[in-house]
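Chain by chain, the residues:
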Amino acid sequence: LSLNRMFGQLSALKRLAFIATLLTLVVVAVGVWMALTLFVDQPMQQLVEVMQSAEHGDLSTRAQVESKDEIGWLARKFNDMISRLDAAQQELESYHQEQLARAHRLATIGEMAAAIATSHALAVRGDARLQELDQGVLDGLTPDELRAREADFLRRWRPNDPADLRTPCAAT
């Protein structure tokens, strides 16, 4: 009888040891899961959110660096990269604005050159017209015929240009 009793106690101890081992494993698993969530998953999720924000163009965003482990190192390197990208984008935008201003200045210079050329051409054409008058080519024409000749002259000289002849730079 004592042997059966001893086997019964031994069996109860086995069950108790199995339950204790199972409970210990569950507690350890929950602890490891909580530690991984707290120290790995949450910082990685925050870093992913910052990366997505940067991917959508917000280069002012930065990752919060709270640890000195590998995830903290990764966040610091990411922040450095975003800072360099932001500086490069600002430099590019500044260069773009300078180029736009330069193009505008060149366009203005072109318009001024065209106005000067127009004035010069008018002067040259006007001189030719005066020479025609001096040579008597227009003698004997009625005022209506003179106006028609002048309109024809202006059409040939400035076809398709609606700008007022008195202000050659007005059509900007």
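Bear in mind that the values here come from a model prediction, so they are computed numbers and not experimental data.

1. Description of the overall build of the chain
Part 1: Helices and strands together make up the secondary structure of the chain, namely three helices and zero strands.
Part 2: For the chain, the share of sequence-separated contacts (at least 6 apart) that also reach a separation of at least 24 residues comes to 47%.
Part 3: Within the structure as shown, the chain displays about 14000 Å² of accessible surface, and the carbon and sulfur contribution to it stands at 62%.

2. What about the layout of surface pockets?
Part 1: Taken as a whole, the largest pocket spans an internal volume of roughly 270 Å³.
Part 2: Around the largest pocket sit 17 residues that line it, and P43, Q46, Q64, E66 and S67 are the ones nearest its centre.
Part 3: Taken together, the elements giving at least two residues each to the lining of the largest pocket come down to α1 (2-55) and α2 (70-134).
Part 4: Sorting elements by how many residues they give to the lining of the largest pocket places α1 first, with seven residues.
Part 5: Class assignment for the residues of the lining of the largest pocket results in nine nonpolar, five polar and three charged.

3. A short note on the side chain of N79
Part 1: Relative to the helices and strands, N79 is located in helix α2.
Part 2: Among the polar contacts made by the side chain of N79, one reaches the main-chain amide nitrogen of A63 at a distance of 2.7 Å.
Part 3: Setting aside chain neighbours within four positions, we find N79 in contact with R62, A63 and V65.

4. Focus: the nonpolar core
Part 1: Within the largest apolar cluster, eight residues are counted, these being L47, V50, A54, L59, A63, A75, F78 and I82.
Part 2: Those elements that provide at least two residues to this core are α1 and α2.
Part 3: For A63, the residues in contact, after removing those within four places along its chain, are L47, V50, A75 and N79.

5. So, the confidence of the model for the chain
Part 1: Summary statistics for the chain give a mean pLDDT of 82 and a share of 77% for residues scoring 70 or more.
Part 2: Note that pLDDT drops below 50 for residues 164-172; the model gives that stretch eleven contacts with residues more than four away or on any other chain.

6. Here we look at a positive patch on the surface
Part 1: There is a patch of like positive charges on the surface, built from K68, R76, K77 and R84.
Part 2: Position of K77 among the secondary structure elements: in helix α2.

7. Details of the side chain of T61
Part 1: Within the secondary structure, T61 sits in the loop between α1 and α2.
Part 2: With residues near it in sequence (within four places) discarded, T61 still touches V50, S53, A54 and I82.

8. Structural notes on a nonpolar patch on the surface
Part 1: The grouping of V28, V32, L36, L38, F39, V40, M44, W73 and L74 at the surface amounts to a nonpolar patch, some 820 Å² of accessible area in total.
Part 2: Of all the secondary structure elements, the ones that give two or more residues to the nonpolar patch are α1 and α2.
Part 3: Per element, the largest residue contribution to the nonpolar patch is seven residues, and it comes from α1.
Part 4: Position of L74 relative to the elements: it lies in helix α2.
Part 5: According to the relative accessible area criterion, L74 is partly exposed, its value standing at 33%.

9. Some words on α1
Part 1: Helix length check: α1 (54 residues) gives 76 Å between terminal C-alpha atoms against 80 Å at 1.5 Å per residue, within 8%.
Part 2: Approximately 40 degrees is the largest bend angle found in α1, and it occurs at T37.
Part 3: Of the positions making up α1, those classed as buried are L47, V50 and A54.
Part 4: With its phi angle positive at about 105 degrees, G57 sits one or two positions after the end of α1.

Each value, and the rule that gives it
- Residues numbered from 1 in each chain as written.
- Predicted model: local features only at pLDDT ≥ 70, side-chain atom pairs only at ≥ 80, totals over all residues.
- Heavy atoms only, no water.
- Helix = DSSP H or I, 4+ residues; strand = E, 2+ residues; numbered from the N terminus.
- Contact = heavy atoms within 4.5 Å.
- Areas by Shrake-Rupley, 256 points an atom, 1.4 Å probe, with all protein chains shown as cover.
- 1 Å grid on protein atoms, 1.4 Å probe; cavity = no way out; pocket = protein on both sides within 12 Å on 5 of 7 lines; lining within 4 Å.
- Points joined across faces, edges and corners; volume = space filled by probe spheres on them.
- Nonpolar A, V, L, I, M, F, W, Y, C, P; charged D, E, K, R; others polar.
- Polar contact = N/O pair within 3.5 Å; in protein donor to acceptor, adjacent residues only side chain to side chain.
- Core = buried A, V, L, I, M, F, W, Y, C linked by side-chain atoms within 4.5 Å.
- Buried < 20%, exposed > 50% of the residue type's maximum accessible area, 1.4 Å probe, protein only.
- pLDDT = per-residue confidence, 0-100.
- Patch = residues over 30% accessible without salt bridge, like charges linked within 9 Å, V, L, I, M, F, W, Y side chains within 5 Å.
- Salt bridge = Lys/Arg side-chain N within 4 Å of Asp/Glu carboxyl O.
- Lys, Arg positive; Asp, Glu negative; His and termini not counted.
- Charge placed at Lys NZ, Arg CZ, Asp CG, Glu CD.
- Expected span 1.5 Å × (residues − 1).
- Bend = angle between axes of the 7 residues up to and from the residue.

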